[in-house]
Number of protein chains: 2
Amino acid sequence: MVEFKDYLVLFRQNGYRLTSQRTALLQTLTDHKGEHLSARQITENVRSRDQNVDTATVYRTLELFTKLHIVNEIKGATGISYQIVPVGDKHNHIVCEECGTTFDYSSQYLEGLRTMLVQDLRFELHLEHSTLSGVCEQCQTNVSLEQYGNQRLLSRRTHGT
Amino acid sequence: MVEFKDYLVLFRQNGYRLTSQRTALLQTLTDHKGEHLSARQITENVRSRDQNVDTATVYRTLELFTKLHIVNEIKGATGISYQIVPVGDKHNHIVCEECGTTFDYSSQYLEGLRTMLVQDLRFELHLEHSTLSGVCEQCQTNVSLEQYGNQRLLSRRTHGT
DNA sequence: ACAGCTATTGCAAATAGTCGCAATAACAGA
DNA sequence: TCTGTTATTGCGACTATTTGCAATAGCTGT
Ligand SMILES: [Mn+2]
Ligand SMILES: [Mn+2]
Ligand SMILES: [Zn+2]
Ligand SMILES: [Zn+2]
């Protein structure tokens, strides 16, 4: 309650209101700091505290929180997930296209890119929440990669059993 | 038909088959090279050539093509869109969080990041298809930005009309 | 050209996510 | 504390995306 004073200020400053539903969402998200929660998981958890919050409200709230940078929207292999923005632990995500694992890495890696984009394109990159993809170390060795033009291929040769 | 020989090889090599539906998809996508098409647009266009392709097939095909890097999946402000991978014109996307515009920029900007991730984390980044977000030049000047902790806020002060 | 194997498809049913709207509840101002 | 304004919510309807399964059609080998 009193912990969310910062959020309350943030809401007020932008013309939004702090409702019981939003508080429930914040509670759920902070309780699972560091985890990647799906919309469904969030809905269920929120409902365990505030009986009948509608899914529409959850989605609308998640969208708002994302705009306000209260949460990060992460597009992993299993779909979209959310996590409260980790203060003091700014990290971004890279997803392995082979095994689907999501890895964290420091935002510092993006500083160079950020600088270049600002200089050349005047575009101010937000580096608190991005998801890039590629192939992790393990999958690079396990899998026999091949070339097709300039692109990597799937390793899988046969389907089914 | 004969143009898609490369894709046929790609399919075969990985145990996939070149069906009439996949050909229709390829046709549609190449016809709109450079554009960002929604699943709906693709479905409609595909149906104009191959009467009754089901939406399920379209989604499944799009997923396959994405895995094979035949198409890029782009998450813009209006939702998800697809485009056939542009050979010789490798570019990535940055979306403005304010106005929703999607901008293209050369993959070269990501080379530095790619090198670092390989060296430090042994993660092989795929830089043919990424979408980052931030604020474009126009919105930076138009909008009065404020600070909250370390994060940028929305500009909007009041809602409604 | 034919046969067998199995990847792929359409269909239908299930989920997930979105939207308009009238009722409600924050909140700024008195 | 009371009041007016309007952001927000729940609900129902709607659209989008996913999934299981039996029928179909690529493809490889003969
Ligand atoms: Mn994380
Ligand atoms: Mn583009
Ligand atoms: Zn992996
Ligand atoms: Zn903009």
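Here is a short report on the structure shown in this document. (Residues numbered from 1 in each chain as written. Chains lettered and ligands numbered in written order. Predicted model: local features only at pLDDT ≥ 70, side-chain atom pairs only at ≥ 80, totals over all residues. Heavy atoms only, no water.)

**Focus on the interface of chain A and chain B**
This is how the line gets drawn: Two residues qualify as a contact provided that any one of their heavy atoms is within 4.5 Å of a heavy atom in the partner residue. Once two parts are joined, some of their accessible surface, as seen by a 1.4 Å probe, is lost; buried area is that loss totalled over both. Salt-bridge detection follows one rule: a side-chain nitrogen of Lys or Arg within 4 Å of a carboxyl oxygen of Asp or Glu. In protein, a polar contact means a hydrogen-donor-capable atom and an acceptor-capable atom, both N or O and within 3.5 Å, with residues adjacent in sequence counting only if both atoms are side-chain atoms; elsewhere, any N or O pair within 3.5 Å suffices. Starting at the N terminus, helices and strands are each numbered in turn, a helix being any DSSP run of H or I of at least four residues and a strand any DSSP run of E of at least two. For this classification, Asp, Glu, Lys and Arg are treated as charged, while Ala, Val, Leu, Ile, Met, Phe, Trp, Tyr, Cys and Pro are nonpolar and the rest, including Gly, are polar. Here, strands pair whenever DSSP counts at least two bridges between them.
The partner chain B presents 51 residues to the 52 residues of chain A that form the contact. For the chain A and chain B pair, buried surface summed over both sides reaches about 5,100 Å², with 57% attributable to carbon and sulfur atoms. Summed over the shared surface of chain A and chain B, the result is two salt bridges. We note a salt bridge from B:Lys75 to A:Glu73, for which the minimum N-O separation is 2.7 Å. The tally of links between chain A and chain B comes to 16 residue pairs in polar contact (both at pLDDT 80 or more). The leading source of residues in the side of chain A that touches chain B is helix α5 (residues 111-121) of chain A, at five residues. Residues belonging to the side of chain A that touches chain B are distributed by class as follows: 25 nonpolar, 13 polar and 14 charged. As paired elements, strand β6 (residues 124-125) of chain A and strand β6 (residues 131-135) of chain B share two bridges and run antiparallel to each other. What sits directly across from A:Glu124, in β6(B), is B:Val135.

**Description of the nonpolar core**
The nonpolar side chains of soluble globular proteins are, as a tendency, buried together. The cut-off we apply is this: Throughout, nonpolar core names a set of buried Ala, Val, Leu, Ile, Met, Phe, Trp, Tyr and Cys residues whose side chains join them through atoms within 4.5 Å. Burial status follows relative accessibility: with a 1.4 Å probe on protein chains alone, a residue under 20% of its type maximum counts as buried, one over 50% as exposed, and anything between as partly exposed.
In terms of nonpolar packing, the biggest core is built from 28 residues, with A:Tyr105, A:Leu113, B:Tyr105 and B:Leu113 touching the most fellow members. Of all the secondary structure elements, the ones that give two or more residues to this core are β4 (91-96), α5 and β7 (131-135) of chain A together with β3 (91-96), α5 (111-121) and β6 of chain B. When sequence neighbours within four positions are dropped, the list of residues in contact with B:Leu113 reads A:Tyr105, A:Tyr109, A:Leu110, A:Leu132 and B:Leu125.

**Comments concerning the packing of helix α2 (residues 20-31) of chain B against helix α3 (residues 39-47) of chain B**
Residues and elements named next belong to chain B. Using the following cut-off: In this description, a line fitted to the C-alpha atoms serves as the axis of each element, helices being fitted only across the stretch in contact, and the angle between N-to-C directions of two axes falls anywhere from 0 to 180 degrees. An angle counts as roughly parallel when it lies under 35 degrees, as roughly antiparallel when it exceeds 145, as roughly perpendicular when it falls between 65 and 115, and as oblique in every other case. By convention, the crossing between two helices is left-handed when the near helix turns anticlockwise from the far helix through less than a right angle, and right-handed when the turn is clockwise.
Where α2 contacts α3, the axes come no closer than 9 Å and their chain directions differ by 115 degrees. Between α2 and α3, the interaxial angle falls into the category roughly perpendicular. Remark: the crossing between α2 and α3 carries right-handed chirality. From α2, Ala24, Leu25, Thr28 and Leu29 reach across to α3, where they touch Ile42, Asn45 and Val46. Residues belonging to the contact of α2 with α3 are distributed by class as follows: five nonpolar, two polar and no charged.

**Side note on the coordination of the manganese ion (ligand 1)**
Residue and element names in this part refer to chain A. Heads up, the condition is: In this description, a donor is an N, O or S atom within 2.8 Å of the metal centre, a cutoff extended to 3.2 Å for sodium, potassium and calcium. Water is not part of the atom list, which can make sites seem incomplete.
For the manganese ion (ligand 1), the full set of protein donor atoms is His36 (NE2), His91 (NE2) and His93 (NE2), and the range of their distances to it is 2.2 to 2.5 Å. Along the chain, the residues that donate to the manganese ion (ligand 1) are spaced as H-x54-H-x1-H. One end of the pair, histidine 36, is in the loop between α2 (20-31) and β1 (37-38); the other, histidine 91, is in strand β4, and 55 residues separate them in sequence. Taking relative accessible area as the criterion, histidine 36 reaches 29% and is therefore assigned partly exposed.

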